[in-house]
Amino acid sequence: MAADFVAVRLLPGDNVMESLRAWVKTAKPRGAWVATTVGSVTAATVRLAHATAENRNEIIKVTGCHEITSLVGTLSRDGLHIHITLSDKEGRCVGGHLVEATIFTTAEIVLGVMRHGQMRRMHDDQTGFGELVVVPDSKLEVFGRAALPGLVGASLGVIMMLGVQRWLARR
């Protein structure tokens, strides 16, 4: 998958999710992903793994200074799916789906930006959430079974195939 990379620096007090949404709105990427991040937060709201479509609010609030030890996810015009891992001053970690976080000193976020195709989020009846589907350029308008052989590629191949199979099953 051909990609460009963009570095974004967030400042003290910035909200991570608001900043990433603003970047997507301004940059209008075909799709992007968080390649790497370093930084720290003063507060974060994280949704835990056992949340469901019916019970989306299983969350924890993290307060105090924490290092961002991992920030990963996908960004599309349809929405963001971001996960975070935070480490406290004793090295204990907590993580999950990022709802929001406020920067303490900085966040240096490097984003990979797709040159071809497009990331879309589509409602998945099984999970109840908007899930990732990657659409190749040749199928952005009319997307059908002929696209399947060309979809499996870089690290997103498995994700793309799952999304495409569910999408095709609904057609």
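Residues numbered from 1 in each chain as written. Predicted model: local features only at pLDDT ≥ 70, side-chain atom pairs only at ≥ 80, totals over all residues. Heavy atoms only, no water.

S.K.: Break down the overall build of the protein for me, citing the residues and quoting the values.
M.R.: Along the backbone of the protein there are three helices and seven strands. Out of the 171 residues in the protein, the part that is buried amounts to 42%. A fraction of 64% describes how many contacts in the protein between residues 6 or more apart in sequence connect residues 24 or more apart. As displayed, the protein offers around 9,400 Å² of accessible surface, 54% of which is attributable to carbon and sulfur atoms. (Helix = DSSP H or I, 4+ residues; strand = E, 2+ residues; numbered from the N terminus. Buried < 20%, exposed > 50% of the residue type's maximum accessible area, 1.4 Å probe, protein only. Contact = heavy atoms within 4.5 Å. Areas by Shrake-Rupley, 256 points an atom, 1.4 Å probe, with all protein chains shown as cover.)

S.K.: Give me the lowdown on unusual backbone geometry, citing residues and values where you can.
M.R.: At Lys28, a position not held by glycine, the phi torsion is positive, near 50°. Considering the arrangement of structural elements, one finds Lys28 in the loop between helix 1 (16-27) and strand 2 (32-47).

S.K.: Explain the confidence of the model for the protein to me, and be specific about the residues and the numbers.
M.R.: On average, residues of the protein score 83 in pLDDT, and 77% of them are at 70 or above. Note on residues 141-168: pLDDT under 50 across the span, and 37 contacts to partners over four residues away in sequence or across chains. (pLDDT = per-residue confidence, 0-100.)

S.K.: Requested: an account of the side chain of Thr45, with residues and values cited.
M.R.: Relative to the helices and strands, Thr45 is located in strand 2. A relative accessible area of 6% means that Thr45 is categorised as buried. Beyond its immediate chain neighbours, meaning those up to four positions away, Thr45 contacts Ile59, Ile60, Lys61, His97, Leu98, Val99 and Glu100.

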